[in-house]
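Overview (structure and organization)
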Amino acid sequence: MKVFGLAGWSGSGKTTLMVKLLKALIDRGFKVSTIKHTHHSVDVDRPGKDSFEHRDAGAHEVMLTGAKRWALMKELRGDTEPEMCTLLKKMEAVDIVLVEGFKKYPHPKLEIYRPEVGKPLIAIKDKSVIAVATDVKALPNTAVPLLDIDNVTEIADFLVTHLGFLKSK
């Protein structure tokens, strides 16, 4: 499984690009999964639902399943958040896992950068950033390639080449 990340500050357009890039890679024949990291409390359930009540009663894990999908919810109950490598081991093998977030993890990543967000460029200090997708033509002190944030084909080509795949499967 090849892992590639999209990182950037809140409001930079990570999710928008992630969805477009995901579709572009799937259209090329790749089997792709995603991991989304958040600093917020995650809850895919809601009070009043049976699975919520199971968790609320103290279940360590609750699996919710139906004809179209299943989800496994694991309560950390004070344990530390698992490392990304631990989470990847729990996923089914695919061609590419796209990771949104996990800025500090050392996997290869594309920084999504918009100057109007008002945050510093991550690529200057983070050697795991191998390119920057942006809407500006030049960024001072940046040694990595700049990609047009609106050109998903260019970004997909870069990612596929970097991961060692041919342009399509």
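For the structure itself, look to the data block above.
What comes next is a walk through the structure. (Residues numbered from 1 in each chain as written. Predicted model: local features only at pLDDT ≥ 70, side-chain atom pairs only at ≥ 80, totals over all residues. Heavy atoms only, no water.)

1. A look at the environment of Thr-38
For clarity, the threshold we go by: The numbering of helices and of strands both runs from the N terminus, where a helix is a DSSP run of H or I of at least 4 residues and a strand a run of E of at least 2. Think of it in three bands: residues with accessible area under 20% of the maximum for their type are buried, residues over 50% are exposed, and the middle band is partly exposed, with areas taken using a 1.4 Å probe on protein chains only.
As for its placement among the helices and strands, Thr-38 is situated in the loop between strand E2 (32–36) and helix H2 (50–56). Classification of Thr-38 by relative accessible area gives partly exposed; the value is 24%. Placed 63 residues apart in sequence, Thr-38 and Gly-101 show a C-alpha to C-alpha distance of 7.0 Å.

2. Remarks on the sheet that holds strand E7 (residues 129–134)
Short version of the rule: Any two strands between which DSSP finds at least two bridges are classified as paired. Note on method: axes are straight lines fitted to C-alpha atoms, helices fitted across the in-contact stretch only, with angles between N-to-C directions ranging 0 to 180 degrees. Note on contacts: a residue pair qualifies if any of its non-hydrogen atoms lie within 4.5 Å across the two residues.
Within the open sheet, the six strands sit side by side as E2-E5-E1-E6-E7-E8. Their pairing is parallel. Two strands close off the open sheet at either side, each with one partner strand: E2 and strand E8 (146–148). Averaged over all neighbouring strand pairs, the angle between strand axes comes to 25 degrees, with direction disregarded. Bridge count between strand E6 (residues 109–113) and E7: five bridges; the pairing is parallel. Residue Leu-110 lies in a different strand from E7, and its bridge partner there is Ala-131. Each of strand E1 (2–7), E2, strand E5 (96–100), E6 and E7 touches helix H1 (residues 14–27); the most contacted strand, E5, lies at about 170 degrees to it. In the packing of helix H4 (residues 152–162) onto the sheet, the strands contacted are E1, E5, E6, E7 and E8, and the crossing angle to E8 comes to about 135 degrees.

3. Topic: the packing of aromatic side chains
We count it as follows: Only centres within 6.5 Å qualify two rings of Phe, Tyr or Trp (six-membered ring in Trp) as a pair; their planes then separate them into stacked at under 30 degrees, edge-to-face at over 60, and tilted for everything else. Here, a charge over a ring means that NZ of Lys or CZ of Arg falls within 6 Å of the ring centre while also lying within 35 degrees of the ring normal.
Counting across every chain of the model gives two aromatic pairs. Lying across the ring of Trp-9, Lys-103 places its NZ or CZ 4.0 Å from the centre. The ring of Trp-9 has Lys-119 lying over it, and the distance from NZ or CZ to the ring centre is 5.4 Å.

4. So, the pairing of strand E4 (residues 70–74)
Pairing of strand E3 (residues 61–65) with E4 involves five bridges; the strand directions are antiparallel. When the bridges of E4 are listed, Thr-65 appears paired with Trp-70. Counting the residues in the hairpin turn of E3 and E4 gives four residues.

5. Points about H1
Here is the rule we go by: Working rule for helices: expected span equals 1.5 Å times residues minus one. Think of it as the arc spanned by the lines of direction from the helix axis to the C-beta atoms.
Helix length check: H1 (14 residues) gives 20 Å between terminal C-alpha atoms against 20 Å at 1.5 Å per residue, within 8%. Those residues of H1 lying buried are Lys-14, Leu-17, Met-18, Leu-21, Ala-24 and Leu-25. Burial along H1 is one-sided: seen end-on, the buried residues are contained in an arc of 135 degrees. Among the exposed residues of H1, those pointing more than 90 degrees away from its buried face are Thr-16, Val-19, Lys-23 and Asp-27. Contacts from the buried residues of H1 go to E1, E2, E5, E6, E7 and H4. Gly-29, located one to two residues past H1, shows a positive phi value of around 100 degrees.

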